[in-house]
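Okay, here's what each chain looks like letter by letter:
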Amino acid sequence: MKTSTKKYNKSLCAEGNSKELEKIRDFIQFWSLYFGFNEVDTNKIILAVDEVCTNLINHAIKLDKSKEICIEVEHKKNDFIISISDDASPFDLTTKNNIDMSEYFANFRRGGLGIQIVRHVMDEISYSPSDKSNPRNILQLRKHLV
Amino acid sequence: MLEHSKFEVNFRYENELVFLDIAGFLDAHTAPDFENALKNAILDGNKRIIVNFKRLDYISSAGLGVFMAFIEDLRKDNGDIKLAEMSDKVFSVFDLLGFPMLFDIDSDERISREKFMMKILNENVNKKI
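Treat the numbers as computed from the prediction; the structure is a model and nothing was measured.

### Remarks on the layout of surface pockets
Here's step 1: For the largest pocket, the calculated volume is near 580 Å³.
Here's step 2: Around the largest pocket, the lining comprises 25 residues; the ones closest to its centre are A:Asn58, A:His59, A:Gly111, A:Gly112 and B:Ser61.
Here's step 3: Where the lining of the largest pocket is concerned, the elements lending two or more residues are helix 2 (39-60) and helix 4 (114-121) of chain A together with helix 1 (31-43) and helix 2 (61-76) of chain B.
Here's step 4: At five residues, the largest contribution of residues to the lining of the largest pocket is made by helix 2 of chain A.
Here's step 5: Tallied by class, residues from the lining of the largest pocket come to 10 nonpolar, 10 polar and five charged.

### Observations concerning the pattern of salt bridges
Here's step 1: A full pass over the atoms with the stated rule returns 22 salt bridges over all chains.
Here's step 2: A salt bridge links A:Asp79 to A:Arg142, with the shortest nitrogen-to-oxygen separation between them at 2.8 Å. Placement of the pair is A:Asp79 in strand 3 (residues 79-86) and A:Arg142 in strand 5 (residues 137-144), with a sequence separation of 63 residues. For the pair shown, A:Asp79 and A:Arg142 are each scored as buried.
Here's step 3: As a salt-bridge pair, B:Lys119 and B:Glu123 come within 3.7 Å of each other at their nearest N and O atoms. Of the two residues, B:Lys119 and B:Glu123 both sit in helix 4 (residues 109-128), four residues apart, roughly one turn of that helix.
Here's step 4: Classification of B:Lys119 as partly exposed rests on a relative accessible area of 32%.
Here's step 5: Taken together, the shared-partner salt bridges in this structure form one network comprising B:Arg75, B:Asp80, B:Lys82, B:Asp104, B:Asp106 and B:Lys115.

Reading the values: rules and limits
Residues numbered from 1 in each chain as written. Chains lettered and ligands numbered in written order. Predicted model: local features only at pLDDT ≥ 70, side-chain atom pairs only at ≥ 80, totals over all residues. Heavy atoms only, no water. 1 Å grid on protein atoms, 1.4 Å probe; cavity = no way out; pocket = protein on both sides within 12 Å on 5 of 7 lines; lining within 4 Å. Points joined across faces, edges and corners; volume = space filled by probe spheres on them. Helix = DSSP H or I, 4+ residues; strand = E, 2+ residues; numbered from the N terminus. Nonpolar A, V, L, I, M, F, W, Y, C, P; charged D, E, K, R; others polar. Salt bridge = Lys/Arg side-chain N within 4 Å of Asp/Glu carboxyl O. Buried < 20%, exposed > 50% of the residue type's maximum accessible area, 1.4 Å probe, protein only.

Shown next, in the form of structure tokens:
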């Protein structure tokens, strides 16, 4: 894996455009390695964040470049916590049912695998839709550093 | 070396097979390019396709989806897509959701080629019988 030499703040905002995924992956890679995850776990975390952001861009933001995704990382005890917030209509990825992959392949289905991947690679996922006190939707991913 | 975030696909043709060499990053941003390339290869009449992943650095579910878009129709037409020479990192994404159940994933494209050639040979023998 390419080791980034860039320095990052613990938060990053990106346009609601798939072109921004690269920037988001670089940011997560930097902090995941910094917090002590190995390359394999770092790749999993990068993938999970990519999947969440792709879903937000395609379904919540719907390619409206004026909307913004912000990502904040923090470290609490042994947990790496990634909070992904947006100012689009609420879109709760966590309510999606698990997919039966045998059925999925038997019927040659397509799409819908993002949340399945996130559930496989992260330890916890939670979602808070925007409300009067908080104008941004927040999806939080948590990975334990073993 | 490709610039970060770039994706590239190149074609090679050999007898009844087409090889797609993919390189770079296959995500939601670049998946439409790959989908178009694969679609054009199929529209040109190719139904036995080997995708070589040797130079692919990254794949997300958007990339996996491209393979799902074509596999059913290709198999109905007696064709297939075989995947070869993935890095451990890329293979782990396919493996995570069980894609090896649906696709042949070979360590070397020569194995994929051999499988196709055996199939073509069997088909030709059956035609003669």
